[in-house]
Amino acid sequence: LLGSALAGYNSCLFAYGQTGSGKTHTVLGHQRDPGIVPRLTSELFERGVAEYPDMRVTASFLEIYNEQLKDLLNPDLKRQKKLYVHQHPQLGVYVPHLTEEA
């Protein structure tokens, strides 16, 4: 993930499994034992600032549960537009209207 992101590619982390199987712990961890996201972002900014001073990073967080998509950066249940997965010939797979923060 880190190498691809630093090379300018979009990266995706997908956690899948049963309830209680450790997805949240693996992805987020806790202060004494950080998960993938805290370690990845820390390394991304440590290396990125040194190697790529004009680097721009954006992130979106999406939960899919019971075939329903939830924007974790904007979890408002009164969303104007329903989220869905879309495949575009040039852009690839993406979710229109998903919040993206820099």
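Rules used throughout
- Residues numbered from 1 in each chain as written.
- Predicted model: local features only at pLDDT ≥ 70, side-chain atom pairs only at ≥ 80, totals over all residues.
- Heavy atoms only, no water.
- Helix = DSSP H or I, 4+ residues; strand = E, 2+ residues; numbered from the N terminus.
- Buried < 20%, exposed > 50% of the residue type's maximum accessible area, 1.4 Å probe, protein only.
- Contact = heavy atoms within 4.5 Å.
- Lys, Arg positive; Asp, Glu negative; His and termini not counted.
- Charge placed at Lys NZ, Arg CZ, Asp CG, Glu CD.
- Pairing = 2+ DSSP bridges.
- pLDDT = per-residue confidence, 0-100.

Regarding the overall build of the chain
Right, so step 1: Summing up its helical and strand segments, the chain has three helices and six strands in all.
Right, so step 2: Each helix and strand of the chain, ordered N terminal to C terminal, gives the series α-α-β-β-α-β-β-β-β.
Right, so step 3: Put simply, the chain has 102 residues, and 13% of those count as buried.
Right, so step 4: Contacts spanning at least 24 positions in sequence make up 33% of the contacts within the chain whose residues lie at least 6 apart.
Right, so step 5: In the chain, the 10 positive side-chain charges and the 11 negative ones have mean positions that sit 8 Å from each other.

A look at unusual backbone geometry
Right, so step 1: Non-glycine residue N66 carries a positive phi angle of around 50°.
Right, so step 2: Position of N66 among the secondary structure elements: in the loop between β3 (62-65) and β4 (68-71).
Right, so step 3: The class of N66 is exposed, set by a relative accessible area of 61%.
Right, so step 4: For E67, which is not a glycine, the phi torsion comes out positive at approximately 65°.
Right, so step 5: Considering the arrangement of structural elements, one finds E67 in the loop between β3 and β4.
Right, so step 6: For E67, a relative accessible area of 74% translates into the label exposed.

What to know about the pairing of β4
Right, so step 1: Examined bridge by bridge, β3 and β4 share four bridges and lie antiparallel to one another. Bridged to Y65 within β4 is Q68.

Some points on the environment of V49
Right, so step 1: Note on placement: V49 falls in helix α3 (residues 36-51).
Right, so step 2: In this structure V49 comes out as exposed when scored by relative accessible area, which is 55%.
Right, so step 3: On a C-alpha basis, the gap between V49 and Q31 in space is 24 Å, while along the polypeptide they are 18 residues apart.
Right, so step 4: Not counting residues within four places of it along the chain, the set of residues in contact with V49 comprises L44 and M55.

Here's the deal with the environment of T41
Right, so step 1: Looking at the element boundaries, T41 is found in helix α3.
Right, so step 2: For the pair T41 and V57, spaced 16 residues apart in sequence, the C-alpha to C-alpha distance is 9.7 Å.

Comments concerning the confidence of the model for the chain
Right, so step 1: Model confidence for the chain is summarised by a mean pLDDT of 89, while 98% of its residues fall at 70 or above.
Right, so step 2: The spread of mean pLDDT over the elements of the chain runs between strand β6 (residues 92-94), the lowest at 87, and strand β2 (residues 33-34), the highest at 96.

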